[in-house]
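This is what each chain is made of:
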Amino acid sequence: MKRLTLAAGLTIIGLTGAQAADLAARPYVKAPPMAAVYDWTGFYVGGNVGYGWGENTDPRLSLVNPGNAGNITTFLTTGFPGFVSGNQFPNLNPNGVFGGLQFGYDKQFGQWVVGAVTDIQAADFRASRLVTTSAVTTAANVDESLSAKINWFGTLRGKVGYAANDWLFYGTGGLAYGRTESSIGFACTPGGVACAGINFVGSAAETRVGWSAGAGVSKAFGNWNVGLEYLHVDLGRSSVTAVDTTGLAPTTTITQGQRFVVDTARLTLNYKFGSTPLVAKY
């Protein structure tokens, strides 16, 4: 019996030693490396520069002319013999460059990012044109001029985006505001019977409020990111009124309403505050 017990004990000891030797022989396997995933959460500030191209201003005539002074109503509504249709105020497409600053905050939830941004830009969106019509029968030329300009604009927008590590794709929309200017002219030279030599001029400027919407993409490099953004800005309709400068039609006014709508494309450069925004994950 003692011999059987001793043999069993030696067998167990041998098996245990073999298992320990086997474990010791196995190679050490390191844990998988942690992946650095960009975190878009935080405040940022930056600058932008871009180009804007306006949609048609779609001028709409409004006329006050008691007694058809200077035959202005007849001319603008029906035209005189030998003239093309009277209302020749031109349709415009203001365009130009712009640049400014932006400030915002983003918060990341998984791969989704929500945020808000405000910006302000100096702009040089402008267009102007003079149209001259003539009639041999009245020995007169009629000059009709119109201009449209956006001096500056800003936005206050929300953002919703999808983050692919250090890339962010987003849509955006919200409030827009800006300063618009217009001028108008209407003159009859050299003063034939068509419009009795009258001359009208006018200008207007106002700060308007509208809406904006667009989309963009950003690429991060540490605390810095660069991006490309498209934005549609609609400041609604404004109007400009011309009044008589000759005294021949003192109670007459000629008004044109114009749309101020522009599409923009801009490059952005932002700095995100805080430490380098990399979150380590397995």
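Relevant structure appears above.
Rules used in this analysis
Residues numbered from 1 in each chain as written. Predicted model: local features only at pLDDT ≥ 70, side-chain atom pairs only at ≥ 80, totals over all residues. Heavy atoms only, no water. Helix = DSSP H or I, 4+ residues; strand = E, 2+ residues; numbered from the N terminus. Buried < 20%, exposed > 50% of the residue type's maximum accessible area, 1.4 Å probe, protein only. Contact = heavy atoms within 4.5 Å. Areas by Shrake-Rupley, 256 points an atom, 1.4 Å probe, with all protein chains shown as cover. Phe/Tyr/Trp six-rings, centres within 6.5 Å; stacked < 30°, edge-to-face > 60°. Lys NZ or Arg CZ within 6 Å of the ring centre and 35° of its normal. 1 Å grid on protein atoms, 1.4 Å probe; cavity = no way out; pocket = protein on both sides within 12 Å on 5 of 7 lines; lining within 4 Å. Points joined across faces, edges and corners; volume = space filled by probe spheres on them. Pairing = 2+ DSSP bridges. Core = buried A, V, L, I, M, F, W, Y, C linked by side-chain atoms within 4.5 Å. Salt bridge = Lys/Arg side-chain N within 4 Å of Asp/Glu carboxyl O.

Caption draft 1: Molecular detail of the overall build of the protein chain. Broken down by element type, the protein chain carries two helices and 11 strands. Burial statistics for the protein chain: of 282 residues in total, 41% are counted as buried. Counting contacts in the protein chain only where the partners sit at least 6 residues apart, residues at least 24 apart contribute 76% of the total. Surface accessibility of the protein chain: about 14500 Å² in total, with carbon and sulfur atoms responsible for 64%.

Caption draft 2: Structural context of the packing of aromatic side chains. Tallied over the full model, the rule gives 14 aromatic pairs. When the centroid spacing of 5.9 Å and the interplanar angle of 75° are considered together, the rings of Phe98 and Phe125 count as edge-to-face. In this pair, Phe98 sits in strand β4 (residues 95–109) while Phe125 sits in strand β5 (residues 112–135), placing the two residues 27 residues apart along the sequence. Put simply, the rings of Phe75, Phe89, Phe186 and Phe200 touch in pairs and so form one group of aromatic residues. Here the guanidinium or amino end of Lys107 rests over the ring plane of Phe109, the centre of that ring lying 5.9 Å away. In this arrangement the basic side chain of Lys159 is found over the ring face of Tyr170, its NZ or CZ atom lying 4.6 Å from the centre.

Caption draft 3: Broad picture of empty space enclosed by the protein. Under the criterion given, the structure shown has two cavities of 30 Å³ or more. One number sums up the size of the largest cavity: a volume of about 200 Å³. What lines the largest cavity is a set of 17 residues, and nearest its centre among them are Tyr44, Lys159, Tyr170, Ser218 and Asn270. Broken down by secondary-structure element, the contributors of at least two residues to the lining of the largest cavity are β4, β5, β6 (140–164), β7 (167–189), β9 (224–244) and β10 (253–272). The leading source of residues in the lining of the largest cavity is β10, at four residues.

Caption draft 4: Summary view of the pairing of strand β2 (residues 42–54). Only one face of β2 is buried, namely the one carrying Gly42, Tyr44, Gly46, Asn48, Gly50, Gly52 and Gly54, since none of Phe43, Val45, Gly47, Val49, Tyr51 and Trp53 on the opposite face is buried. Here 12 bridges tie β2 to β4, and the two strands are oriented antiparallel to one another. Its bridge partner being in β4, Gly47 is matched across the sheet by Leu101.

Caption draft 5: Layout of the nonpolar core. Counting 30 residues, the largest nonpolar core has Phe186, Phe200 and Ile254 as the members making the most contacts within it. At the level of secondary structure, the elements contributing two or more residues to this core comprise α2 (72–77), β5, β6, β7, β9 and β10. Not counting the four nearest positions on each side in its chain, Ile254 is found in contact with Leu61, Ser62, Leu63, Ile72, Leu76, Phe89, Ile184, Phe186, Phe200, Val240, Thr241 and Ala242. Among the nonpolar cores identified, the runner-up in size contains seven residues, and Tyr38, Trp40, Leu168 and Tyr170 belong to it.

Caption draft 6: Fine view of the pattern of salt bridges. All told, the structure shown has 11 salt bridges when counted by the stated rule. A salt bridge links Glu55 to Arg259; the shortest N-O distance between them is 3.3 Å. Here Arg259 lies in strand β10 and Glu55 lies in the loop between β2 and β3 (60–64), a separation of 204 residues in the sequence. Relative accessible area serves as the criterion here: at 27%, Glu55 is assigned to the partly exposed category. Linked by salt bridges that have partners in common, Asp119, Arg157, Glu229 and Arg266 make up one network.

Caption draft 7: Local environment of the environment of Val209. Within the secondary structure, Val209 is located in strand β8 (residues 199–221). Judged by relative accessible area, Val209 falls into the exposed class, the value being 55%. When the C-alpha positions of Val209 and Tyr177 are compared, they lie 4.2 Å apart, and in sequence the two are 32 residues distant. Once you skip the residues sitting within four places of it in the chain, Val209 turns out to touch Leu175, Ala176, Tyr177 and Leu235.

Caption draft 8: View of unusual backbone geometry. Of note in this structure, Asp58 is not a glycine but carries a positive phi near 50°. Within the secondary structure, Asp58 is located in the loop between β2 and β3. Positive phi outside glycine occurs at Asn68, with the angle close to 55°. Tracing the sequence through the fold places Asn68 in the loop between β3 and α2. Taking the relative accessible area as the measure of exposure, Asn68 reaches 25% and is therefore partly exposed.

Caption draft 9: Just the environment of Phe98, in detail. Residue classification places Phe98 among the buried positions, given a relative accessible area of 4%. Considered as a pair, Phe98 and Val49 are 49 residues apart in the sequence and their alpha carbons are 5.9 Å apart.

Caption draft 10: Geometry of the pairing of β8. As judged from the 21 bridges shared by β7 and β8, these two strands associate in the antiparallel manner. In the strand pairing of β8, Ile184 is matched with Gly202. Sheet analysis places β8 next to β9, joined by 13 bridges and oriented antiparallel. Directly across from Ser218, in β9, lies its bridge partner Gly227. Between the end of β8 and the start of β9, which pair antiparallel, lie two residues, with Gly222 showing a positive phi angle near 65°.

Such coordinate-based values are descriptive only and should not be taken to indicate function.
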